[in-house]
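Architecture and fold: a report
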Amino acid sequence: MRKIPIGQDVNPSVIARGTPGMSGADLANLCNEAALMAARRSARVVEMQDFEKAKDKIIMGPERKSMVMPEEERRNTAYHEAGHAILGKLLPKCDPVHKVTVIPRGRALGVTMSLPAQDRYSYDREYMLSQISMLFGGRIAEEVFMNQMTTGASNDFERATHIARDMVMRYGMTDALGPMVYAENEGEVFLGRSVTKTTNISESTMQKVDAEVRRIIDEQYKLARRLIEDNSDKMHAMAKALLEWETIDSDQIDDIMAGKEPRPPKDFTPRPGNSGGGTGGPTVGADPAPNAA
């Protein structure tokens, strides 16, 4: 950052939280992209919004500006992402929700991004259960507010099931099966996985594993649905803000959660082909990326 003029609102610690694993060259590229973003809007200094746009471009790909979605799909996406964000704010031990967007990038129609407040070296049971509930927020929002189901939740289900199965089979986090590892070695071998892989788990034990995974999934799904139904006013407000501004940050999310009118974004230019406003109602969405639900 020393070689570029930085605005007063730039917070390097927030940028660092959102760029885990990046090398020095990656970070240099991030600063260059941010400078280009500022130059495109003829700004004299590089502001935080430029770093955010540059980070999104590097991690999730460029905006698909030529993609024009029908209004019903935009509403579905807005509710889908609002479901993730609301649960991320309500559930204990969830990482703080940093940003929600319905701008298509890569394979994703929308993204809810959470940034951990500090480095994590292990995960406890409550954190993992909260993650499962948050992942279900998108589909539940579609069911409750749009009266439909879409394919946008497929990756959410895959990740939630993987977490629940690891809790049962690898981490000994259930009373029914206790502190024992039931998982097989699933490491890759040359030319694919081993065809002659053997298992030491009985069929009855696997049935118990499946039952425990199903119990965890069902309990967290019910919890997530109850929280979303109890906070329908905040769901409508967040979906409306997403339809109008396409991206909202943590400050605007905090306003909505406090029952206030969200503050307008500093710099908003609607994408061609998408209407600016909208009222609470249906949505659409698919989720990608690390730290994104």
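Our structure is the block above this text.
Residues numbered from 1 in each chain as written. Predicted model: local features only at pLDDT ≥ 70, side-chain atom pairs only at ≥ 80, totals over all residues. Heavy atoms only, no water.

Focus on the overall build of the protein chain
Each helix and strand counted, the protein chain has nine helices and three strands in total. In the protein chain, which comprises 293 residues, the share counted as buried stands at 46%. For the protein chain, the proportion of contacts with a sequence separation of at least 24, taken over those separated by at least 6, is 74%. About 15400 Å² of surface is accessible on the protein chain, with carbon and sulfur atoms providing 52% of the total. (Helix = DSSP H or I, 4+ residues; strand = E, 2+ residues; numbered from the N terminus. Buried < 20%, exposed > 50% of the residue type's maximum accessible area, 1.4 Å probe, protein only. Contact = heavy atoms within 4.5 Å. Areas by Shrake-Rupley, 256 points an atom, 1.4 Å probe, with all protein chains shown as cover.)

Concerning the packing of aromatic side chains
This structure, assessed with the given rule, holds four aromatic pairs. Taking the centre distance of 5.3 Å and the plane angle of 20 degrees together, the rings of Tyr 79 and Phe 145 count as stacked. Here Phe 145 lies in helix H5 (residues 125–146) and Tyr 79 lies in helix H4 (residues 71–90), a separation of 66 residues in the sequence. Here Tyr 79 falls in the buried class, since its relative accessible area comes to 0%. Note on Phe 136 and Tyr 221: the rings are 5.3 Å apart at their centroids and 65 degrees apart in plane angle, and the pair reads as edge-to-face. With a gap of 85 residues between them, Phe 136 in helix H5 and Tyr 221 in helix H7 (residues 203–230) connect regions that are remote in the sequence. (Phe/Tyr/Trp six-rings, centres within 6.5 Å; stacked < 30°, edge-to-face > 60°.)

Brief notes about the packing of H4 against H7
Two elements in contact, H4 and H7, have axes separated by 10 Å at closest approach and are oriented at 100 degrees. By the angle between their directions, the pair H4 and H7 is classed as roughly perpendicular. Contact residues: H4 offers Gly 83, Leu 87 and Leu 90, while H7 offers Ala 224, Leu 227 and Ile 228. (Axes fitted to C-alpha atoms, helices over the stretch in contact; angles between N-to-C directions. Parallel < 35°, antiparallel > 145°, perpendicular 65-115°, else oblique.)

Describing the packing of H5 against H7
With their axes 8 Å apart at the nearest point, H5 and H7 run at an angle of 55 degrees to one another. Here H7 runs oblique to H5, going by the angle between their axes. When the axes of H5 and H7 are compared, the crossing they make is right-handed. Counting all contacts with H5, which are made through Leu 129, Ile 132, Ser 133, Phe 136, Gly 137, Arg 139, Ile 140, Ala 141, Glu 143, Val 144 and Phe 145, the residues of H7 involved are Ile 216, Ile 217, Gln 220, Tyr 221, Leu 223, Ala 224, Arg 225, Ile 228 and Glu 229. (Left-handed = near helix turned anticlockwise from the far one by under 90°.)

Honestly, that's just the spatial picture; any functional story needs more than this.
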